[in-house]
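Fold and contact review
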Amino acid sequence: MQAGSDLDKRKLLSAGCHASIFISALIVSIGIPVAIMFVSEDAIVKENATEAINFHLNVWAIGVVITVLSFITFGLLGLILAPIWLIYHWGLSIWAVIHTLNSPDKAFRYPFIFRLI
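Fair warning: this is a prediction, and the values are worked out from it, not measured in the lab.

A closer look at the pattern of salt bridges
In this structure the tally under the stated criterion is 4 salt bridges. The salt bridge involving aspartate 105 is made with arginine 10; its shortest N-O contact spans 2.9 Å. Placement of the pair is aspartate 105 in the segment after helix H4 (76-102) and arginine 10 in helix H1 (residues 2-19), with a sequence separation of 95 residues. Measuring nitrogen to oxygen at the nearest pair gives 3.7 Å for the salt bridge that ties arginine 109 to glutamate 51. A residue pair is termed long-range when its members are at least 10 positions apart, and arginine 109 in the segment after H4 and glutamate 51 in helix H3 (residues 43-72) qualify at 58 residues. For arginine 109, a relative accessible area of 52% gives the class exposed. A residue is classified by how much of its surface remains accessible, and glutamate 51, at 3% relative accessible area, is buried. It is possible to trace a salt-bridge network through shared partners that takes in Arg10, Asp42 and Asp105.

The structure is reproduced here in structure tokens:
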């Protein structure tokens, strides 16, 4: 019974790390995986939290670049790049949550991101 409880806890915490990106308009959203990383003693949950933090930083950096390019081109590049960025942002986040719920013994790794942490 204890093993099932630990597995459910791992699923919940790992999915919570990756799902926190859905409230990324708030700077507080990165605090969720940071807090989980410091509170949890599970190695898989810590890996998922670290990966979620890196993804937050990448999403924000890409958003800043798109915003700057939009101002420079009077919104033309923003109209093209913003939908692609949103699909990347939401699509990979949904994939990460589904992966952590289906494969709780393996940490999710986002493709195409820079890992700073």
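What about a nonpolar patch on the surface?
On the surface, a cluster of nonpolar side chains totalling about 430 Å² of accessible area is made up of Phe22, Leu86, Trp90, Ile94 and Ile98. Turning to its location among the elements, tryptophan 90 is positioned in helix H4. What makes tryptophan 90 partly exposed here is its relative accessible area of 40%.

Re the packing of H3 against H4
The N-to-C vectors of H3 and H4 enclose an angle of 170 degrees; their axes lie 9 Å apart at closest approach. Classified by the interaxial angle, the pair formed by H3 and H4 is roughly antiparallel. Between H3 and H4, the residues in contact are Asn48, Phe55, Val59, Ile62, Gly63, Ile66, Leu69 and Ser70 and Leu77, Gly78, Leu81, Ala82, Trp85, Tyr88, His89, Leu92, Ser93 and Thr100, respectively. Each residue belonging to the contact of H3 with H4 can be placed in one class, and the counts come to 11 nonpolar, 7 polar and no charged.

Considerations on the side chain of serine 14
Note that serine 14 resides in helix H1. Look at serine 14 and you get buried, because its relative accessible area is 2%. Among the polar contacts made by the side chain of serine 14, one reaches the side chain of asparagine 48 at a distance of 3.0 Å. Discounting chain neighbours no more than four positions away, the residues touching serine 14 are Ile44, Val45, Asn48 and Thr100.

Concerning H4
A rise of 1.5 Å per residue sets the reference length of H4, with its 27 residues, at 39 Å; its end C-alpha atoms lie 40 Å apart and thus fit the reference within 8%. Considered for burial, the residues of H4 that qualify are Gly78, Tyr88, His89, Leu92, Ser93, Ala96, Val97, His99 and Thr100.

Comments concerning the packing of aromatic side chains
Evaluated as defined, the whole model comprises 5 aromatic pairs. Between phenylalanine 22 and tryptophan 90, the aromatic rings sit 4.8 Å apart at their centres with planes inclined by 40 degrees, giving tilted as the arrangement. Within this pair, whereas phenylalanine 22 is found in the loop between H1 and helix H2 (31-39), its partner tryptophan 90 is found in helix H4, the two being separated by 68 residues in sequence. Taking the centre distance of 4.0 Å and the plane angle of 5 degrees together, the rings of phenylalanine 55 and tyrosine 110 count as stacked.

The rules behind each value
Residues numbered from 1 in each chain as written. Predicted model: local features only at pLDDT ≥ 70, side-chain atom pairs only at ≥ 80, totals over all residues. Heavy atoms only, no water. Salt bridge = Lys/Arg side-chain N within 4 Å of Asp/Glu carboxyl O. Helix = DSSP H or I, 4+ residues; strand = E, 2+ residues; numbered from the N terminus. Buried < 20%, exposed > 50% of the residue type's maximum accessible area, 1.4 Å probe, protein only. Patch = residues over 30% accessible without salt bridge, like charges linked within 9 Å, V, L, I, M, F, W, Y side chains within 5 Å. Areas by Shrake-Rupley, 256 points an atom, 1.4 Å probe, with all protein chains shown as cover. Axes fitted to C-alpha atoms, helices over the stretch in contact; angles between N-to-C directions. Parallel < 35°, antiparallel > 145°, perpendicular 65-115°, else oblique. Contact = heavy atoms within 4.5 Å. Nonpolar A, V, L, I, M, F, W, Y, C, P; charged D, E, K, R; others polar. Polar contact = N/O pair within 3.5 Å; in protein donor to acceptor, adjacent residues only side chain to side chain. Expected span 1.5 Å × (residues − 1). Phe/Tyr/Trp six-rings, centres within 6.5 Å; stacked < 30°, edge-to-face > 60°.

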